[in-house]
Amino acid sequence: MASSDIARHLLYQSRLERPSSSPAEEVPDEMFLKRGDCSRSLSLSGKVGFDSLPDQLVNKSTSQGFCFNILCIGETGIGKSTLMDTLFNTRFENYEESHFESQVRLRAQTYELQESSVNLKLTIVSTVGFGDQMNKDDSYKPVVDYIDAQFEAYLQEELKIKRSLYNYHDTRIHACLYFISPTGHSLKSLDLVTMKALDSKVNIIPIIAKADTVSKNELHKFKIKIMSELVSNGVQIYQFPTDDESVSKMNATMNGILPFAVVGSIDEVKIGNKMVKARQYPWGIVQVENENHCDFVKLREMLVCVNMEDLREQTHARHYELYRQCKLEEMGFRDNDPENKPVSLQETYEAKRQEFLNELQRREDEMRHMFVQRVKEKELELKEAERELQNKFEQLKSIHHEEKRKLDDKKKILEDEINAFSKRKSATELLQAQAFATPASINVKKDKDRKNSGFL
């Protein structure tokens, strides 16, 4: 269970421990009825035992563990991985990043950390290729899509009939560390556009990376310039809460220091008799945990030690609730009807179901009517096509008959010509035969006459 629940139970316990009012000061039942309150404060005559609820909640929360998700947005090589290693005093898995990414993508890594008896499931989400493209107009969209996807996943888990939120791995982003390049001049347009797109979805904590590259005087002016630009462009960054008296003064002071100017390093340098995390240069040493050198300690105190639970609460109660509200309103759910009367979820569901069924029926009727209309149109087209085909068939048929008749006539003429030719041929052959036969008979007769005259 979250420590916010512990705080609420502690507040409830403090109210129970208030001395009960005297009989003369007791409020009559009629006053409660008028106020619409159905409870009264009573004093206990002895120990009951429910004052141990805070201890029970602490033990249960400690056994369950906590989760915290950080989103690091910044250009390649600005020091995101180094700062995370320094912040949690460990070495996370780091990958070489290229400046030639075609588009922005996000890489999420989850780690199990333990400090004393407290377990923390830490997820670090880093942008890869942010600001490296020639066209930077859409560089922030993958980040927005990723945050919305985590909200959507949690909402879908909430809306399930059989939920498992008890052991659900919450991947919603609790804190966004926005790394600003230490130019010393002003914010880039990409920084303003990105933070403006994210300020309603995540708790933004701006930090100036590699602050050891800027002098203290320039750094002070740079901070003022950054905050002025954020205010003038309507960008709402995370403000450390000041409603808790125990940390209100500290948080109010830290709100005036934003953005934090940080330096990250996991290398240790010996200064005096102790080893400290620092960055060593030819001109000197920059100590990471020295508040005179940078704001790293302030960032760690505010992010981890003091306001980690508030960041989780703000994510759930503000950013996620806004996303959930917009999604449910898109689905047609409302708390009140047009007459400003409360509407139950069942009534809204039934109304939306009936509306959906009516819309479905309307669309079905439209589709049926459209289908019938198209069938009729198709039938007319087919009938017209059939009529055209029939006419063409009749035309071709008549042409065929005409050509067949002409061919028959030509065939008859040709046959007549063949018969006539055959008759002429027969007559010619007969005449030729007779012509060849006559000279031969004459010669035979002459030979006979010659022989007869010889005998005489």
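As shown above, the structure is provided for reference.
Conventions we followed
Residues numbered from 1 in each chain as written. Predicted model: local features only at pLDDT ≥ 70, side-chain atom pairs only at ≥ 80, totals over all residues. Heavy atoms only, no water. Helix = DSSP H or I, 4+ residues; strand = E, 2+ residues; numbered from the N terminus. Buried < 20%, exposed > 50% of the residue type's maximum accessible area, 1.4 Å probe, protein only. Polar contact = N/O pair within 3.5 Å; in protein donor to acceptor, adjacent residues only side chain to side chain. Pairing = 2+ DSSP bridges. Axes fitted to C-alpha atoms, helices over the stretch in contact; angles between N-to-C directions. Salt bridge = Lys/Arg side-chain N within 4 Å of Asp/Glu carboxyl O. 1 Å grid on protein atoms, 1.4 Å probe; cavity = no way out; pocket = protein on both sides within 12 Å on 5 of 7 lines; lining within 4 Å. Points joined across faces, edges and corners; volume = space filled by probe spheres on them.

**Some thoughts on the side chain of Gln 150**
By secondary structure assignment, the location of Gln 150 is in helix H5 (residues 141-158). Exposure remark for Gln 150: the relative accessible area of 12% places this residue in the buried category. A polar contact is formed between the side chain of Gln 150 and the side chain of Thr 171, at a distance of 2.7 Å.

**Comments concerning the sheet that holds strand S8 (residues 274-281)**
The strands making up a sheet are joined through hydrogen bonds of the backbone, oriented either antiparallel or parallel. On the basis of which strands lie adjacent, the open sheet formed by 3 strands has the order S7-S8-S9 and antiparallel pairing. The open sheet terminates on both sides in strands that have one partner only, identified here as strand S7 (268-271) and strand S9 (284-287). Neighbouring strand axes in the sheet, compared pairwise and without regard to direction, differ in orientation by 65 degrees on average. Inspection of the sheet shows S7 paired to S8 by 4 bridges, in the antiparallel sense. By the bridge assignment, Glu 268 is partnered in S8 with Lys 277.

**Section: the pattern of salt bridges**
Within this structure, the stated rule accounts for 23 salt bridges. By sharing partners, the salt bridges in this structure join Lys 223, Glu 291, Asp 295 and Lys 298 into a single network.

**Regarding empty space enclosed by the protein**
Within the structure shown, the criterion is met by 2 cavities of 30 Å³ or more. Put simply, the largest cavity is a space of about 100 Å³. Looking at the largest cavity, the residues that line it are Ser 81, Met 84, Phe 92, Glu 93, Asn 94, Tyr 95, Glu 97, Arg 107, Gln 109, Tyr 111, Ile 124 and Ser 126. Elements that contribute at least two residues to the lining of the largest cavity include exactly helix H4 (80-87), strand S2 (105-115) and strand S3 (118-128).

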